[in-house]
Amino acid sequence: MALEALEEYYDLDDILSSNEKIPCKIEMPIYRLGYLDSSSIYDDLLPGSKMELPYWMARSLCSRKRHMVSVELPKNYRESYREILTADATVVDLHKLGPYYYSFGTHLLKYELPDSPDVAKILVKAFQTRFRKVMDSSQNAYNEDTSKLTEKLDESERLLFKAGQLGLNDFIRWETRQTEKLTTSDMVKNHRKRKRAIMEDTG
Amino acid sequence: MLAEKALELVRELQRTTDGTLPPFNEDKVRQVLEEMKALFDQNQQDVSATVAGESGLFAGVQLRHAALERNKRCLLAYLYNRIQKIRNMRWEFGSVLPQDIKYNLSEQEVQWFNKYNKCLANYMRSIGTAGGLDLTQDMKPPKTLYVEVRCLMDHGEFETQDGNVIVLKKNSQHFLLRSECEHLIRQGILEHMVH
């Protein structure tokens, strides 16, 4: 468990997803940090003013023990968006809403807002409905441009898609007996490609 | 917003593709450290003011503390993930990194790479009784002892285990011990020919 927590600590995706903004209302004066709110002219953050704070900051100021700011649900997780997801999750552009829609949503649950149970439900539901499509498309796109297929996917769905593609490619290579051939390492290949591109640019 | 610079470091790393490593961003790392120093000093001030009797400063201290922790996390993640990449490169490129990648490492990273190399070599030598086992070999289960290969580029002379010297010239074909040429295939100098 300790090791898992450590992995997450260094996880780049988790760092990026915990930087998504949350609308907050300041509940008590925070002195000498007025510069955080670019629209305010005061030296201090005054109670009652509203601003958007990244999740990691809001989390340290609002929890069960502390209540220096109060947190609102970001609009992408409110009722109207939840209704869209209930209607048909497969057509929604989660990358536009996210791009870390699921993991940021999970972070939000920690605030125990009145809407939290509904958000939790809709996240699971949306994932379930969309998973089928993600799996289908990743298992059936062989040797083609996948950018169209992945453009509407959330970052975690993209990882799933990638895993599926890897599996598919490995399977087809095995089926056509290409596995016994020793090949150049992919990393070396990518490195060469890049180097060639740079050389063409400068030359 | 606070900790913005540190996040840029993380973004920069997130954007890089397999097989490349961006230059160690010393400048930005320094800027983050300066921001942290400023935050820490302000917190110290506020804490001593509180000790002196002023009240209501706690919220600000808490906020700056969170920013400090955040900066620390971003910096550590930046270093850690770079090291992970460098470690993977040891297994893909072999014990010598290509010049342009080496150029992008920081001094400490070069030191780390050399130490890792040494550790790995010592460990591989210590396995078994017959002079060790090369773990970087036979990444795929071997089917034959010898393989037929074609040179993809001029690589100069190559001395085989039995003492013969062959010239690896572009487009020439050879029949070599699998264990001897696997690394050269992985590095894209030879191509394995299967019929």
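**Here we look at the domain arrangement of chain B**
Phase 1: Annotation of chain B at the domain level lists domain 1 (4-126) and domain 2 (146-192).
Phase 2: Summarising the inter-unit geometry, the C-alpha centres of domain 1 of chain B and domain 2 of chain B are found 41 Å apart.

**Some details on the domain arrangement of chain A**
Residues and elements named next belong to chain A.
Phase 1: Entries for chain A in the domain assignment read domain 1 (21-73) and domain 2 (75-203).
Phase 2: Taking only C-alpha atoms, the centre of domain 1 and the centre of domain 2 are 33 Å apart.
Phase 3: In this assembly, 11 residues from domain 1 lie in contact with 13 residues from domain 2.
Phase 4: On the domain 1 side of the contact with domain 2, Tyr55, Arg59 and Leu73 bury the most area, a combined 64% of that side's loss.
Phase 5: Inspection of the region where domain 1 meets domain 2 yields 2 salt bridges.
Phase 6: A salt bridge links Glu112 to Arg64, with the shortest nitrogen-to-oxygen separation between them at 3.0 Å.
Phase 7: Summed over the shared surface of domain 1 and domain 2, the number is 3 residue pairs in polar contact (both at pLDDT 80 or more).
Phase 8: Within the residue set of the side of domain 1 that touches domain 2, elements represented by two or more residues are β1 (21-26) and α3 (55-61).
Phase 9: A class-by-class count of the residues in the side of domain 1 that touches domain 2 yields 7 nonpolar, no polar and 4 charged.

**Observations regarding the side chain of Ser172 of chain B**
Phase 1: Within the secondary structure layout, Ser172 of chain B lies in the loop between β3 (165-168) and β4 (173-177).
Phase 2: Beyond its immediate chain neighbours, meaning those up to four positions away, Ser172 of chain B contacts Val149, Arg150, Cys151 and Val167 of chain B.

**A few points about the sheet that holds β4 of chain B**
Residue and element names in this part refer to chain B.
Phase 1: Sheet architecture is open: 3 strands sit in the order β4-β1-β5, paired in antiparallel fashion. At either end of the open sheet lies a strand with only one pairing partner, and these are β4 and β5 (190-192). Averaged over neighbouring strand pairs, the angle between their axes works out to 40° when direction is ignored.
Phase 2: In this structure, strand β1 (residues 146-151) lies alongside β4, joined through 5 bridges in antiparallel fashion.

**Observations concerning the nonpolar core**
Phase 1: With 61 residues, the main nonpolar core has Ile22 and Tyr111 of chain A as its most contacted residues.
Phase 2: With 9 residues, the top contributor of residues to this core is helix α3 (residues 58-93) of chain B.
Phase 3: In this structure Tyr111 of chain A touches Ile22, Tyr55, Ala58, Arg59, Cys62 and Val71 of chain A, once residues within four positions along its chain are discounted.
Phase 4: In terms of nonpolar packing, the next biggest core, distinct from the first, is built from 13 residues, Leu182 of chain A together with Leu168, Leu176 and Cys181 of chain B among them.

**As for the sheet that holds β1 of chain A**
Residues and elements named next belong to chain A.
Phase 1: Strand order in this open sheet of 3 strands is β2-β1-β3, and the pairing throughout is antiparallel. Of all the strands in the sheet, the pair left with one neighbour each is β2 (50-54) and β3 (69-71). Neighbour-to-neighbour, the strand axes of this sheet turn through a mean angle of 45°, independent of strand direction.

**Side note on the packing of aromatic side chains**
Phase 1: Taken as a whole and judged by the stated rule, the model has 12 aromatic pairs over all chains.
Phase 2: Residues Trp112 of chain B and Tyr116 of chain B carry aromatic rings whose centres are separated by 5.2 Å and whose planes lie at 5° to one another, so their mutual orientation is stacked. Taken together, the residues Trp112 of chain B and Tyr116 of chain B, both in helix α5 (residues 107-126) and 4 residues apart, mark about one turn of the helix.
Phase 3: Under the relative-accessibility criterion, Trp112 of chain B is labelled partly exposed at 29%.
Phase 4: Through a chain of ring-to-ring contacts, the aromatic side chains of Tyr77, Tyr101, Tyr102, Phe104, Phe127 and Phe131 of chain A assemble into a single cluster.
Phase 5: A cation over a ring is seen here: Arg59 of chain A above Tyr111 of chain A, with NZ or CZ 5.3 Å from the ring centre.

What counts, and where the lines are drawn
Residues numbered from 1 in each chain as written. Chains lettered and ligands numbered in written order. Predicted model: local features only at pLDDT ≥ 70, side-chain atom pairs only at ≥ 80, totals over all residues. Heavy atoms only, no water. Domains from an automatic or database assignment. Contact = heavy atoms within 4.5 Å. Buried area = accessible area lost by both parts, 1.4 Å probe. Salt bridge = Lys/Arg side-chain N within 4 Å of Asp/Glu carboxyl O. Polar contact = N/O pair within 3.5 Å; in protein donor to acceptor, adjacent residues only side chain to side chain. Helix = DSSP H or I, 4+ residues; strand = E, 2+ residues; numbered from the N terminus. Nonpolar A, V, L, I, M, F, W, Y, C, P; charged D, E, K, R; others polar. Pairing = 2+ DSSP bridges. Axes fitted to C-alpha atoms, helices over the stretch in contact; angles between N-to-C directions. Core = buried A, V, L, I, M, F, W, Y, C linked by side-chain atoms within 4.5 Å. Buried < 20%, exposed > 50% of the residue type's maximum accessible area, 1.4 Å probe, protein only. Phe/Tyr/Trp six-rings, centres within 6.5 Å; stacked < 30°, edge-to-face > 60°. Lys NZ or Arg CZ within 6 Å of the ring centre and 35° of its normal.

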